[in-house]
Structure formats: structure tokens, C-alpha cells
Amino acid sequence: MRIRIVRHDPFGQADGLTPEILAACHPAWAQGVEMMRGRGGFVEEAGASGLHCLASAGMPGTDGGGPRLTVCGPCGSALDVAWNLIRAGDMAPWDVVLAVSQRGGRGQMRRAWESPPGNVYAAIAWPAGVPGPESLLPVFVGYLLAEYLSGKGVAASFKWPNDLLAGEKKVGGTLLEERGGRVLAGVGINLSSAPGKENLRPDHAFPAGSLAEFGHFPGPVPFTVELVKFLQTCYHDCVTATCSFPPVARIERRLAFFGREVLVREGGSDVYMARVLGLAEDGGLRLMRRVDGTNRECVIHSGGIAPPLT
């Protein structure tokens, strides 16, 4: 994967970077800079979008082949930087923007996403053409992230619709955005730090955690490079080769609370208990709910779930 550092963003979205600034912002980023320097250093590059970059000269793919990882300085959000690159024709499928930090990171329902340096704040350009219901794609992405962490020895699952859990802590989340036929997968993962309880919303379902609590993980650059390779391979094996999403029964293996009682929040004031039955074919959450003394199956497509109150 080719890696480039944005020295100047003509769209005014991201602060400029140099290897020295990047290395000084967090020890995890210093590790990434040393990795890039050890593979050939940096060369000047002018992108089609007008970005002025330093490209890692010795990384695989510097001949122009393969995905690119664009590292940008503090910005509104990695998603905003990526949309600018797409409009400028400078972001192909599987290219990724990785932000050092975000001033306006966003999660589900436009909630703010705390984004200090040291974690992963990425926007991945997803391939065009969804071989099935578009509403299943966010669930599929959550499943793939949980699969990736599970392969690293972390007891990971995804909480419908878009939270990433490790044990009983939230360590990340996803947000998919579609514009003009292009899809970006926003991925936030707490590598080295997590928000304190005082920074979580009052109705948060889980305490926040970081992967540092579950073992040693590389810094944002090597972590993201490996993650995107995993996603690309799995997408080819699971989707491209079969022209379909994998069966929901397979995705359900990483679904948090499968078969368990949960507290469901659907809408502003509609809160009730239900048992998670699994996933609908379109990515909705299948529930068994007791209504007027009768158990009834239902499917929800918005809202959230949490452990029962104790």
C-alpha cells in the first residue's frame, strides 16, 4: 500500500503535516514515521486533487499500483477529507484517508466522536456496486471488523447497528456515507486511548475501552494498512467471488447479544425489553417482544440496544 503525508490541503480541511510534526504528535505516530523512513524515506508528490504530499518512497505500490493511504493532519473529519478527494477524482476503491485527529468526528445520528491523536480515524473508499440490500452493508462492515480483531486474539463482536465491542467495552464504531454512487466507510478504533466516562453521553450502553487494554497493537499506520488488506481480501472472497453477501447466519456469529435479552431504544421515548433473534436479510435486527401478553417477532431498522438495566 502506498502511503502519503499531506503537506498542504488545498480544500482547507486538514492542517499541513511533515514527518517531524507527525512523529511529535504521539508515540504511536512516531512508530509509523520510522516505519516509512526505514522503507526508503519520502519523496515529493503532487496529487491530481492539488494535494501536496510526501510519499513514502520505499513502500510497496509506489509504482502507482494498489490502494493508497493518505495521512492528513488534524481536520474536521477523515470523511470530509475523503469526500473532497473523491470529488477531485483522487480516491479509488480501497484508498483510505487516515486522520491524526478530528475536530468534528461524527458517529451514529451525527453524535460527536472524540478524536485525540494515537487512535484510528479512517475513511475507506468502498467498491461500487452492492450485491444485495444496501442496508446490509453497515452490518457486514461491522462483522468484518469484529472478524479482524478476533483473528488478533480479541473477543470482539459488533453491536447492532454499528458499534465495535471488545469484551464488555466499546472500542470503535463505523459510519457509512453514500453520495453520488460512492460509498465511504468511516472507521474509528481506539488503539491507545478511550474517552473517560465524563465524556460519554448519559445513555451510553457500554464503557469505552482501547485495544491497548487487550494486548500490544501497532500504531495507526501499520494497523490501518493491515486492516484494509484484510477487508479487501475478505470482500473479494465473501462478495466479489460469489456476487452476494455472505448468509446472515454467518454474520450473526459476531453479533453481540445474539439470543439474549436487551433494552431497545427505538425513537425518542419508545423503550422496551426484547430478545435478539438475529438479523433480517436486509440487515435489520430481529427481535422477540412481548406485546399485550403475547410474544411477537418484529424487525427494527433504526435505534439501538443496550444491556438490561441492573
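Placed above this text is the structure.
Residues numbered from 1 in each chain as written. Predicted model: local features only at pLDDT ≥ 70, side-chain atom pairs only at ≥ 80, totals over all residues. Heavy atoms only, no water.

Caption draft 1: Examining empty space enclosed by the protein more closely. Summed over all chains, the structure comprises 1 cavity of 30 Å³ or more. Surrounding the largest cavity, Arg-4, Arg-68, Thr-70, Leu-85, Asp-90, Met-91, Asp-95, Val-96 and Val-97 form its lining. Taken together, the elements giving at least two residues each to the lining of the largest cavity come down to strand E4 (68–72) and strand E5 (96–99). The residue makeup of the lining of the largest cavity, split by class, is 4 nonpolar, 1 polar and 4 charged. (1 Å grid on protein atoms, 1.4 Å probe; cavity = no way out; pocket = protein on both sides within 12 Å on 5 of 7 lines; lining within 4 Å. Points joined across faces, edges and corners; volume = space filled by probe spheres on them. Helix = DSSP H or I, 4+ residues; strand = E, 2+ residues; numbered from the N terminus. Nonpolar A, V, L, I, M, F, W, Y, C, P; charged D, E, K, R; others polar.)

Caption draft 2: View of the sheet that holds strand E12 (residues 270–279). One open sheet holds the 5 strands; their spatial order is E14-E13-E12-E11-E15, and the pairing between them is antiparallel. If you trace the sheet from one side to the other, it starts and ends with strand E14 (294–300) and strand E15 (304–306), each paired once. Each neighbouring strand pair of the sheet contributes to a mean axis angle of 45 degrees, computed without reference to strand direction. In this sheet, E15 lies alongside strand E11 (residues 261–266) in antiparallel orientation, the contact comprising 3 bridges. Residue pairing in the sheet places Arg-265 in a bridge with Gly-304 of E15. (Pairing = 2+ DSSP bridges. Axes fitted to C-alpha atoms, helices over the stretch in contact; angles between N-to-C directions.)

Caption draft 3: Examining the pairing of E5 more closely. Burial of the side chains of E5 extends over both faces: Val-96 and Leu-98 are buried on one face and Val-97 and Ala-99 on the other. Where E4 lies against E5, 4 bridges are found, and the strand directions are parallel. Bridge assignment links Leu-69 to a residue of E5, and that residue is Val-96. Where E5 lies against strand E6 (residues 120–126), 3 bridges are found, and the strand directions are antiparallel. Directly across from Val-97, in E6, lies its bridge partner Ala-123. (Buried < 20%, exposed > 50% of the residue type's maximum accessible area, 1.4 Å probe, protein only.)

Caption draft 4: Spatial organisation of the layout of surface pockets. In this structure, the second largest pocket encloses a volume near 170 Å³. Every residue along the wall of the second largest pocket is listed here: Pro-127, Ala-128, Gly-129, Val-130, Glu-134, Leu-137, Pro-138, Leu-176, Glu-177, Glu-178, Gly-181 and Val-183. Residue assignment for the lining of the second largest pocket shows that the elements contributing at least two residues are helix H4 (137–150) and strand E9 (169–179). The element contributing the most residues to the lining of the second largest pocket is E9, with 3 residues.

Caption draft 5: Here's a closer look at the packing of aromatic side chains. For the coordinates displayed, the defined rule picks out 8 aromatic pairs. Ring geometry for Trp-126 against Tyr-235: centres 5.6 Å apart, planes inclined by 90 degrees, an arrangement best described as edge-to-face. Here Tyr-235 lies in helix H5 (residues 220–240) and Trp-126 lies in strand E6, a separation of 109 residues in the sequence. Judged by relative accessible area, Trp-126 falls into the buried class, the value being 2%. Note on Tyr-148 and Phe-223: the rings are 5.6 Å apart at their centroids and 90 degrees apart in plane angle, and the pair reads as edge-to-face. (Phe/Tyr/Trp six-rings, centres within 6.5 Å; stacked < 30°, edge-to-face > 60°.)

Caption draft 6: The arrangement of the nonpolar core in detail. Residues Val-71, Trp-126, Phe-140, Leu-149, Phe-223, Leu-279 and Leu-285 are the most contacted members of the largest nonpolar core, which totals 72 residues. Other than its neighbours up to four places away in sequence, Phe-140 contacts Trp-126, Tyr-235, Cys-238, Val-239, Phe-245, Pro-246 and Ile-251. With 21 residues, the next largest nonpolar core counts Ala-78, Val-81, Tyr-121 and Ala-123 among its residues. (Core = buried A, V, L, I, M, F, W, Y, C linked by side-chain atoms within 4.5 Å. Contact = heavy atoms within 4.5 Å.)

Caption draft 7: Representation of helix H3 (residues 78–87). Extensive coverage of H3 is indicated by the burial of 8 of its 10 residues. What H3 keeps buried is the set Ala-78, Leu-79, Val-81, Ala-82, Trp-83, Asn-84, Leu-85 and Ile-86. Next to the buried residues of H3 lie strand E1 (2–8), E4, E5, E6, E9 and strand E10 (182–189). Just past H3, the residue Gly-89 takes up positive phi, approximately 70 degrees.

Caption draft 8: Broad picture of the pattern of salt bridges. Inspection of the entire model under this criterion finds 12 salt bridges. A salt bridge links Arg-7 to Glu-44, with the nearest nitrogen and oxygen atoms 2.4 Å apart. Within this pair, whereas Arg-7 is found in strand E1, its partner Glu-44 is found in strand E2 (residues 42–46), the two being separated by 37 residues in sequence. Overall, Arg-7 belongs to the partly exposed group, its relative accessible area being 38%. The exposure class assigned to Glu-44 is exposed, which follows from its relative accessible area of 56%. Arg-286 is the salt-bridge partner of Glu-297, the closest N and O atoms lying 2.9 Å from each other. Taken together, the residues span a long stretch of sequence, with Glu-297 in strand E14 and Arg-286 in strand E13 (residues 285–291) at a distance of 11 residues. Look at Arg-286 and you get partly exposed, because its relative accessible area is 23%. Within the structure, one salt-bridge network assembled from shared partners comprises Arg-4, Arg-68, Asp-90 and Asp-95. (Salt bridge = Lys/Arg side-chain N within 4 Å of Asp/Glu carboxyl O.)

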